[in-house]
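Notes for the structure review
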Amino acid sequence: MLEDYPREVVLKDGTVVVLRPLAIEDEARMLEFLARMPAEECWFLREELQESAKLHEWLVKLDSSRTVPLVAVRPEDQRIVANVRLHRRPSQFLRHVAHLRIMVDPEFRHLRLGTWMLVDAIKLAMEMGIEKLVAEFVSGIEDHARMAIQRLDFFEQAVLKDYVKDPQGNYRDLYILVKTIHREWSDF
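Everything quoted here is computed from the prediction, not taken from an experiment.

**Some points on the nonpolar core**
If you look at soluble globular proteins, the nonpolar side chains tend to sit buried side by side. By size, the foremost hydrophobic cluster in this structure holds 36 residues, and its most contacted members are Leu86, Leu100, Leu113, Met117 and Leu133. Contributions of two or more residues to this core are made by strand S2 (16–21), strand S3 (67–73), strand S4 (80–88), strand S5 (97–104), helix H4 (113–128), strand S6 (132–138) and strand S8 (171–180). In terms of residues, this core owes the most to one element, H4, which gives nine residues. Once residues lying within four places of it in the same chain are set aside, the contact partners of Leu113 are Leu11, Val17, Leu19, Ala72, Val81, Ala82, Val104 and Phe108.

What follows is the structure in structure tokens.
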């Protein structure tokens, strides 16, 4: 499944980054990456990985049958500039569904890095036998990402009004988008 990695991609401005699976050796680089992310975006992560001990425990316990993390790194210094994760539940009735979470360093946004990461996540999902990809976005925080993902045939499945709270205690809507995965690339 991960035999195509590492692989280089060229961004809109000509920058080359390498996509590859996240490794336990990336712990310090992942902490640095998360520290560069806007605090309001990290607030809504399902796992609190910004702390060294929690990230270490998550990496050590990582089960590739349930979670597949990819990172984009700069080749010259191995700095992580984006990550995408596919999360799959072990229960049989949900094994055909994976949840997607993507984060891109603010310095690397608007360079189509997120698109490269999403295309790779879709390809991995196809290889895993996933039939539905689910992505969640917080209104007012991740609106640009939500609009971008819709260009890859993710459709709004639901809006949960006033579902999550931001750091100031304000309620925000949670958008749930779903993509049906096709068996072949030619089905797109």
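Now that the structure has been shown, we can carry on.
**Details of the pairing of S4**
The buried count for S4 comes to nine of nine residues, which makes it a mostly enclosed element. Of the strand pairs in this sheet, S3 and S4 are connected by seven bridges, and their pairing is antiparallel. Directly across from Val73, in S4, lies its bridge partner Ile80. A loop of six residues connects S3 with S4, the two strands running antiparallel in sequence, and Gln78 in this loop sits at a positive phi of about 60 degrees. Pairing of S4 with S5, which is carried by seven bridges, proceeds in the antiparallel orientation.

Conventions used here
- Residues numbered from 1 in each chain as written.
- Predicted model: local features only at pLDDT ≥ 70, side-chain atom pairs only at ≥ 80, totals over all residues.
- Heavy atoms only, no water.
- Core = buried A, V, L, I, M, F, W, Y, C linked by side-chain atoms within 4.5 Å.
- Buried < 20%, exposed > 50% of the residue type's maximum accessible area, 1.4 Å probe, protein only.
- Helix = DSSP H or I, 4+ residues; strand = E, 2+ residues; numbered from the N terminus.
- Contact = heavy atoms within 4.5 Å.
- Pairing = 2+ DSSP bridges.

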